[in-house]
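# Coordinate inspection notes
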Amino acid sequence: MDSFHSRVRLSHHQVLISPLDEPLPAHPRAFPNGLIALDDDEPDAGATILTGVHTGVVDFTVQLVRQPPPPDLDSWDEIVEISLECAFGTLHVRGLHGDLPRDLPNLATEGDGWYRLRVHATGRDTDPGGIARTPTERYLLVVWPAPPQPELVLKRSDAYGAEVRAR
């Protein structure tokens, strides 16, 4: 397992996962699971992770694995898995305005194809809608190559996610 850590600059509650050479994904119209959604118009264009803070920085860890590890249900408030097709050979974590954290790698370890993303979040209830000059939220993104599968919600426990799901 390869593990990478960085702070991600974000705005408008959004951390994006998208190819480098393509336009940024459109903001999804809904987040039924309260945490992550694919681009509404072009699902292979990327996904958006919804943060509690409106603007600022969050701590972000990426783990690139060959097989999914058992989920850590005790350390996180929300955990969701989705499948994402990578049509362009690159997938990167980035801010809404294209800010690219230098310490996070290309998530598409095998180039074009399908990947499974397990997104973990904690701290979204600390300052929802606020500005985080220092991180108050943590995210873990575990990524592995896998054929497409239905979305899987492993844990729901933060108030912010419940509010998003109720919209």
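This write-up is about the structure you can find in this document. Not measured: the values here are computed from a predicted model. (Residues numbered from 1 in each chain as written. Predicted model: local features only at pLDDT ≥ 70, side-chain atom pairs only at ≥ 80, totals over all residues. Heavy atoms only, no water.)

### Details of the overall build of the protein
The secondary structure content of the protein amounts to one helix and eleven strands. Its C-alpha radius of gyration of 14 Å places the protein within 12% of the 15 Å reference for a compact globule of 167 residues. Burial status across the protein gives 52% buried among its 167 residues. Long-range pairs, those at least 24 residues apart, make up 79% of the contacts in the protein between residues at least 6 apart in sequence. Within the structure as shown, the protein displays about 7,800 Å² of accessible surface, and the carbon and sulfur contribution to it stands at 50%. (Helix = DSSP H or I, 4+ residues; strand = E, 2+ residues; numbered from the N terminus. Rg over C-alpha atoms; globule rule 2.2 N^0.38 Å. Buried < 20%, exposed > 50% of the residue type's maximum accessible area, 1.4 Å probe, protein only. Contact = heavy atoms within 4.5 Å. Areas by Shrake-Rupley, 256 points an atom, 1.4 Å probe, with all protein chains shown as cover.)

### Let's talk about the packing of aromatic side chains
Tallied over the entire structure, the rule returns one aromatic pair. Centre to centre, the rings of Phe 60 and Tyr 139 are 6.0 Å apart; their planes meet at 20 degrees, and the pair counts as stacked. On the criterion of sequence distance, the pair formed by Phe 60 in strand S5 (residues 55–64) and Tyr 139 in strand S10 (residues 138–145) is long-range, its members being 79 residues apart. No difference in accessibility class separates Phe 60 from Tyr 139, as the two residues are buried. When the ring centre of Trp 76 is taken as reference, the NZ or CZ atom of Arg 138 above it lies at 4.6 Å. (Phe/Tyr/Trp six-rings, centres within 6.5 Å; stacked < 30°, edge-to-face > 60°. Lys NZ or Arg CZ within 6 Å of the ring centre and 35° of its normal.)

### With respect to the environment of Ser 3
The residue Ser 3 is located in strand S1 (residues 2–10) in this model. In this structure, the C-alpha to C-alpha distance between Ser 3 and Gln 63, residues 60 residues apart in sequence, is 4.4 Å. Dropping the residues within four chain positions of it, Ser 3 is found in contact with Thr 61, Val 62 and Gln 63.

### With respect to the pairing of S5
Buried residues dominate S5, accounting for nine of its ten residues. In this sheet, S5 lies alongside S1 in antiparallel orientation, the contact comprising nine bridges. Among the inter-strand pairings, Phe 4 is bridged to a residue of S5, identified as Val 62. When S5 meets strand S9 (residues 131–132), the two strands line up parallel, connected through two bridges. When the sheet's bridge partners are listed, Gly 56 is paired in S9 with Ala 132. Relative to S10, S5 runs parallel, the two sharing six bridges. From the neighbouring strand, Thr 61 faces S10, where its bridge partner is Leu 140. (Pairing = 2+ DSSP bridges.)

### Observations regarding the nonpolar core
Counting 30 residues, the largest nonpolar core has Ile 17, Ile 49, Phe 60, Val 93, Leu 107 and Leu 141 as the members making the most contacts within it. Looking at this core, the elements that each hand over two or more residues are S1, strand S2 (14–18), strand S4 (47–50), S5, strand S6 (78–86), strand S8 (113–122) and S10. In this structure, Val 65, Trp 76, Leu 140 and Ala 146 belong to the second largest nonpolar core, which totals seven residues. (Core = buried A, V, L, I, M, F, W, Y, C linked by side-chain atoms within 4.5 Å.)

### Details of the sheet that holds strand S3 (residues 36–38)
Strand order in the open sheet formed by four strands is S3-S4-S2-S7, and the pairing between neighbours is antiparallel. In this open sheet, the two strands that pair with only one neighbour each are S3 and strand S7 (92–95). Ignoring strand direction, the axes of neighbouring strands in this sheet form an average angle of 25 degrees. With four bridges joining them, S2 and S7 adopt antiparallel strand pairing. By the bridge assignment, Ser 18 is partnered in S7 with His 92. (Axes fitted to C-alpha atoms, helices over the stretch in contact; angles between N-to-C directions.)

### Describing the side chain of Ser 6
Examined against the element boundaries, Ser 6 turns out to sit in strand S1. The exposure class of Ser 6 is buried, given its relative accessible area of 8%. Discounting chain neighbours no more than four positions away, the residues touching Ser 6 are Val 58, Asp 59, Phe 60, Pro 101, Asp 103 and Leu 104.

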